[in-house]
Amino acid sequence: MADTKREVERKYEGPLAGGDPALPDLTRVPGVSGVLDKGVADLDATYYDTADQRLAAASLTLRRRTGGDDAGWHLKLPVSEGVRDEIRAPLSDTVPHSLSALVRSRVREAALVPVVRLRSARDVRHLVDASGALLAEVSVDHVRAERLSGGTGVAEWTEIEVELADDGDPAFLDKVEKKLRKAGLTRSSSKSKLAKALADTDAGTDADADSAQVEAAGRAGRKKPAGRKKSADTAPRTAGDHVLAYLRTQRDAIIELDPAVRRDLHDSVHSMRVATRRMRSAFRSYGKVLDRAVTDPIGEELKWLAGELGVGRDQEVLAERLTEALDGLPEALLTGPVRDRLRTWSQARGEGSRRRVIAVLDGSRYLGLLAALDAAVDDPPLLKAAAGDPAKVITKAVRKDFAKVSALVDEALGLAPGADRDLAMHEARKKAKRTRYAAEAAVPALGGPAAGLVKSMKSLQSLLGDHQDGVMARETLRDLAGRAHEAGESAFTYGVLYGREERRAAEAEAALPGVWEPIRGGGGI
């Protein structure tokens, strides 16, 4: 079993004293009452990566380490500057599946091989407060790095590492740093020991050029591209540049969110689903820029992935809506074991959907989709309009999407309340979302007008989305009421909730003209 530790640390280098960075007297750091010498630990770590260093390019580290008090396998995932999640698994001879699965979107079918061995003598000190509680661990690390693949170099250095205690205040690190800086120490130029080891033991290639290509490959989880025509970081000029920049962002988001979805982190499934929808929507909206004969099949696969991700997400949204509605009812309107039935329904469907999502991410179809996304953004099927003026090409595409939204909203407003209106509002919601995503891609090229349309479509989408959630809630309540009746339970409360959902839907329908009228003219595009 793997467990996770949030790691907040900083690394320093600086002037040498007897061959090592000088560590100042840290008892003078505010809040520190004592500095405890914890002795020297001998650590031996082998770092694993693909032959083209896809993990390193994405600032991920995977190692097998012995020595110290945390021997085992460690996978470090970046969270923010100086903050990483360290996921641990017990020692074994091969990479544990619990960790290899978390890097699958990067590694794909490539082998994980030993790339660097680091042997460190770690001189550890604990900074404690007046009660003896740990504030931070400070270590002076004497490191020897040996390249195991991709080079044959050896490097040695010494660095100082300050790691915040669990649940500590990050502001404390600023106090320690102030003291270290006064002693002449500075933040390390390398983000990690592995990064420094790779740089210092390089095989002698053009490091800057190679690093840039490896970084691009790491974002996509692919091998280094050979002879790539255009850098991902080049400022967009043409319509195609702008569309591809948006698509590249969504492709990268899908890859980066994969481990978060596997770890069941908050909002990760929803965020990945949104990225798939944004990408599919852009393929369709900008069909004059990218050949839809190529992108439509990819779009169908994105639709499949979004659907698989949506099974759990839609259930989660419904459960939250119904629970909130139930909490708002007076006790007099609560009859029967409604809360227990709702909880059982939610948990049963939630557990099943999670297993299904993991199976999807472990499947070959998903890997095939990732490869297709890479090809679409790195070797795009550009059409003639891709070379055109962004203002003209992109504006035309956004206006076309907006016209479809306009027609569907007008249709919904012309229908009487009922199933047909519900369906028309649902279709308008989907088109509003597509127009919003098209406008998002247009913001860098069109500026304020596109940003304004994004905001307008978001408001419209929110109203129509709430209405559609109500439709689904009423279907669920009808189903739960039927199950309760079959079990001999009262269905009264389900009927009360159903009636409230009907009233909420009527309010949304009544509010639609007021939301729509200010943006009817085209949203400023």
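Procedures and definitions
- Residues numbered from 1 in each chain as written.
- Predicted model: local features only at pLDDT ≥ 70, side-chain atom pairs only at ≥ 80, totals over all residues.
- Heavy atoms only, no water.
- Axes fitted to C-alpha atoms, helices over the stretch in contact; angles between N-to-C directions.
- Helix = DSSP H or I, 4+ residues; strand = E, 2+ residues; numbered from the N terminus.
- Parallel < 35°, antiparallel > 145°, perpendicular 65-115°, else oblique.
- Left-handed = near helix turned anticlockwise from the far one by under 90°.
- Nonpolar A, V, L, I, M, F, W, Y, C, P; charged D, E, K, R; others polar.
- 1 Å grid on protein atoms, 1.4 Å probe; cavity = no way out; pocket = protein on both sides within 12 Å on 5 of 7 lines; lining within 4 Å.
- Points joined across faces, edges and corners; volume = space filled by probe spheres on them.
- Pairing = 2+ DSSP bridges.
- Phe/Tyr/Trp six-rings, centres within 6.5 Å; stacked < 30°, edge-to-face > 60°.
- Buried < 20%, exposed > 50% of the residue type's maximum accessible area, 1.4 Å probe, protein only.
- Lys NZ or Arg CZ within 6 Å of the ring centre and 35° of its normal.
- Salt bridge = Lys/Arg side-chain N within 4 Å of Asp/Glu carboxyl O.
- Expected span 1.5 Å × (residues − 1).
- Contact = heavy atoms within 4.5 Å.

### Some words on the packing of helix α13 (residues 419-446) against helix α14 (residues 448-486)
Okay, so step 1: At a minimum axis distance of 8 Å, the contact between α13 and α14 shows a crossing angle of 155°. Compared by their axis directions, α13 and α14 come out roughly antiparallel. Considering how the two elements wind past one another, α13 and α14 form a crossing that is left-handed.
Okay, so step 2: Residue composition of the contact of α13 with α14, by class: 16 nonpolar, seven polar and seven charged.

### Here's the deal with empty space enclosed by the protein
Okay, so step 1: One pass over the full model with this rule turns up one cavity of 30 Å³ or more.
Okay, so step 2: What the largest cavity holds in volume is close to 40 Å³.
Okay, so step 3: Looking at the largest cavity, the residues that line it are Leu322, Leu326, Val338, Leu342, Leu477, Leu480, Tyr494 and Leu497.
Okay, so step 4: Along the lines of polarity and charge, the residues of the lining of the largest cavity split into eight nonpolar, no polar and no charged.

### Considerations on the pairing of strand β9 (residues 134-147)
On any regular strand, side chains alternate: one points to one face of the sheet, the next to the other face.
Okay, so step 1: Here strand β8 (residues 113-128) pairs with β9 via 13 bridges, running antiparallel. In the sheet register, arginine 117 faces β9, and the bridge partner there is glutamate 146.
Okay, so step 2: As consecutive antiparallel partners, β8 and β9 are separated by five residues, and within that stretch glycine 132 has a phi angle of approximately 90°, a positive value.
Okay, so step 3: Where β9 meets strand β10 (residues 154-164), 11 bridges bridge the pair, whose relative direction is antiparallel. Considered in β10, the bridge of serine 139 is made with glutamate 161.

### Section: the packing of aromatic side chains
Okay, so step 1: According to the stated counting rule, one finds two aromatic pairs in the structure shown.
Okay, so step 2: Ring centres of tyrosine 48 and tryptophan 73 lie 5.2 Å apart, and the angle between their planes is 50°; this geometry places the pair in the tilted category. With tyrosine 48 in strand β4 (residues 34-49) and tryptophan 73 in strand β6 (residues 72-80), this pair connects stretches of sequence that are 25 residues apart.
Okay, so step 3: Take tyrosine 48: its relative accessible area is 14%, and that puts it in the buried class.
Okay, so step 4: One Lys or Arg, lysine 196, reaches over the ring of tryptophan 157 and ends 5.3 Å from the middle of that ring.

### A closer look at the pattern of salt bridges
Any two side chains of opposite charge can pair if their charged atoms end up close together.
Okay, so step 1: Going through the model one piece at a time under the given rule, you end up with 55 salt bridges.
Okay, so step 2: With a shortest N-O distance of 2.8 Å, arginine 122 and aspartate 141 are connected by a salt bridge. Of this pair, arginine 122 sits in strand β8 while aspartate 141 sits in strand β9, placing them 19 residues apart in sequence. A single burial state applies to arginine 122 and to aspartate 141, both of which are buried.

### A word on α14
The α-helix winds at 3.6 residues per turn, so residues separated by three or four positions along the chain end up facing the same way.
Okay, so step 1: Taking 1.5 Å per residue, 39 residues should reach 57 Å; α14 reaches 57 Å between its end C-alpha atoms and fits that length.
Okay, so step 2: Phi turns positive, to about 80°, at glycine 488, one or two residues after α14.

### Considering the environment of alanine 110
Okay, so step 1: Mapped onto the elements of the fold, alanine 110 is located in the loop between α3 (104-107) and β8.
Okay, so step 2: For alanine 110, a relative accessible area of 27% translates into the label partly exposed.
Okay, so step 3: The spacing of alanine 110 and aspartate 52 is 58 residues in sequence and 9.5 Å in space, taken between C-alpha atoms.
Okay, so step 4: Contact partners of alanine 110, with chain neighbours within four places excluded, come to Thr50 and Arg54.

The values are spatial; any link to function lies outside them.
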